[in-house]
Amino acid sequence: MPRIVIAAPASGHGKTTVATGIVKALTDRGFTVAPFKVGPDYIDPGYHALAAGRTGRNLDPYLVGTDRVAPLFAHGAAGADLAVVEGVMGLYDGATGEGEFASTAQVAKLLDAPVVFVVDAAAQGRSVAALVHGFRSFDPAVRLAGVILNRVGSETHLRILTEALDDLGVPVLGALVRDAKVAAPSRHLGLVPVAERRAEALDAVAALGALVDAGVRLDQVYALARTAPALRVAPWDPAAEVGPRRGAKARIAIASGPAFTFSYAENAELLTAAGAELLPFDPLRDERLPERVGGVVIGGGFPEVHAPELAANEALREAVFQFARYGGAIAAECAGLLYLGKSLDGLPMCGIVDAEAVMTDRLTLGYRHAVAAAESVLAAAGTRVSGHEFHRTAVSPSAGSPPAWHWRRDNGPVTEGFAGSRIHASYLHLHWAGTPSVARRLVESCGVLR
């Protein structure tokens, strides 16, 4: 599988612009492109998917383990002509205090893929060569094979930059100028998701493809991707991960729509392999749950942005409440936790979890190694997982009795979330490929079709 990794010195240099633009431009030329994102981010893969016309996927060693990265890549890239992997943060930035773990550099080495380095050159001249030299030499096992210059000011500016990099022996694969048409709006947790602005996002992605097509030598990019050696790895198989199906097929309702956009594709694939029929519903618009479901999954998203509409849909809130009251299995994370609570910024929610949520000025962000504190529909007590938090809300109380998880921080132990025999609600995002047993457990918890 021809493949490249798109990296940068730091966030803000234009990785998403370049990666999405390359995916779109090559797709428009007739290639089938498999897009990936390093790290836990849900939003960028949505733009990748628009550009490619196929699912955008994540590769995160922290969440799934280093041994699963290449198999998940092979699974997600099946049937494609090449793969484009967008990095996270700076090339060598990984999990705090854990060296290169979960960094773009580590993923590039796990995939044995050449790296295309994106540099915001707006305020640089010949110094760009020193910057690239430092990143290229920092870890010789990372093959920094070419540079794309972003926000170039003029032909003279481009000549200065190119001559400096020529002296270094690093090819310049292209240069982009600033273009307001390709900007995507941001808010408190990053870019606005595709589901909330699909028409505008389609226009922006098309503009990105045109910008990259005009400014990047795509034939050289593809030739570079073809230098990646064969990966000797079996593709990840969700059926093998969950094992033979036991018991009756379950029907599980999956929250979707603009308020609940955060989900890893492999989670649904694992549920299906474990014997679930998945039925999407939109808490903003649907007034009832799908018929005869035994489980409900409510993933991440932005309920705080859509709280008035969620509160106004009283019929669905009551339906979810009654589903829980009569023993339906519910798994919720982050946005799902807020929706299950009593209120969000003073507006009524489902009232299943005895907690109130409010927006705050504090960003909670980071990886967590957690242990299930109690039996629930998602995990047996003592189950160890790796997840991440990413939110600007707070719930009070922060944990139930029993809590969902416990983990340790520098200042001591933490208990978080709400667990019970038929519910699991927590801020912690999980990539279920890292702990596939949770998919089987949830399906088997659904019981008789409702």
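Fair warning: this is a prediction, and the values are worked out from it, not measured in the lab. (Residues numbered from 1 in each chain as written. Predicted model: local features only at pLDDT ≥ 70, side-chain atom pairs only at ≥ 80, totals over all residues. Heavy atoms only, no water.)

1. Brief notes about helix H4 (residues 66-77)
Residues spaced three or four apart along an α-helix face the same direction, because each turn holds 3.6 residues. For clarity, the threshold we go by: Helix and strand definitions here come from DSSP, where helices need a minimum of 4 consecutive H or I residues and strands a minimum of 2 consecutive E residues; each element is numbered from the N-terminal end. Here a helix's expected span is defined as the number of its residues, less one, multiplied by 1.5 Å. Relative accessibility under 20% of the residue-type maximum defines a buried residue, over 50% an exposed one, and the middle range a partly exposed one, all with a 1.4 Å probe and only protein chains included.
With 12 residues, H4 ought to run about 16 Å at 1.5 Å a step, and its terminal C-alpha atoms sit 18 Å apart, in line with that. Most of H4 sits out of view: nine of its 12 residues are buried. If you check which residues of H4 are buried, you get Val69, Ala70, Pro71, Leu72, Phe73, Ala74, His75, Gly76 and Ala77. Gly79, located one to two residues past H4, shows a positive phi value of around 85 degrees.

2. Side note on the packing of aromatic side chains
Note the threshold: Think of it this way: a Phe, Tyr or Trp ring, Trp meaning its six-membered ring, pairs with another when their centres are within 6.5 Å, and the plane angle makes it stacked under 30 degrees, edge-to-face over 60, tilted otherwise.
Inspection of the entire model under this criterion finds 11 aromatic pairs. For the pair Tyr92 and Phe135, a centre-to-centre distance of 6.0 Å together with 15 degrees between the ring planes defines the contact as stacked. On the criterion of sequence distance, the pair formed by Tyr92 in the loop between strand E4 (82-86) and helix H5 (104-111) and Phe135 in helix H6 (residues 127-138) is long-range, its members being 43 residues apart. Residues Phe117 and Phe135 carry aromatic rings whose centres are separated by 5.0 Å and whose planes lie at 45 degrees to one another, so their mutual orientation is tilted. You can see Phe117 sitting in strand E5 (residues 115-120) and its partner Phe135 sitting in helix H6, a full 18 residues away along the chain. Under the relative-accessibility criterion, Phe117 is labelled buried at 0%.

3. Focus on the sheet that holds strand E2 (residues 33-38)
For clarity, the cut-off: Strand pairing follows a simple DSSP-based rule, namely that at least 2 bridges must link the two strands. Structural elements are reduced to axes, namely lines fitted to C-alpha atoms, with helices fitted over the stretch in contact, and the angle between N-to-C directions of any two is expressed from 0 to 180 degrees.
Taking strand neighbours across the sheet as the criterion, the seven strands line up as E3-E2-E4-E1-E5-E6-E7 in an open arrangement whose pairing is parallel. The open sheet terminates on both sides in strands that have one partner only, identified here as strand E3 (57-59) and strand E7 (172-175). This sheet shows a mean twist of 25 degrees between the axes of neighbouring strands, independent of strand direction. Direction of pairing for strand E1 (residues 3-7) relative to E4: parallel, over a ladder of four bridges. Across the sheet, residue Ile4 finds its bridge partner in E4, namely Val84.

4. Quick notes on the confidence of the model for the chain
The condition that has to hold: The pLDDT value tells you how sure the predictor is about a given residue, anywhere from 0 up to 100. Residue contacts are counted whenever heavy atoms from the two residues lie within 4.5 Å of one another.
Summary statistics for the chain give a mean pLDDT of 92 and a share of 94% for residues scoring 70 or more. Predicted confidence is poor over residues 185-190, with pLDDT under 50, and the contacts of this stretch with residues over four places away or in other chains come to 23 contacts.

5. Details of the pairing of strand E17 (residues 384-396)
For strand E16 (residues 356-372) and E17, the ladder comprises 12 bridges, and the chain directions are antiparallel. In the strand pairing of E17, Gly366 is matched with Glu389. Judged from the two bridges that link them, E17 and strand E22 (residues 429-430) form a sheet pairing that is antiparallel. Bridging from a neighbouring strand, His388 pairs with His429 of E22.

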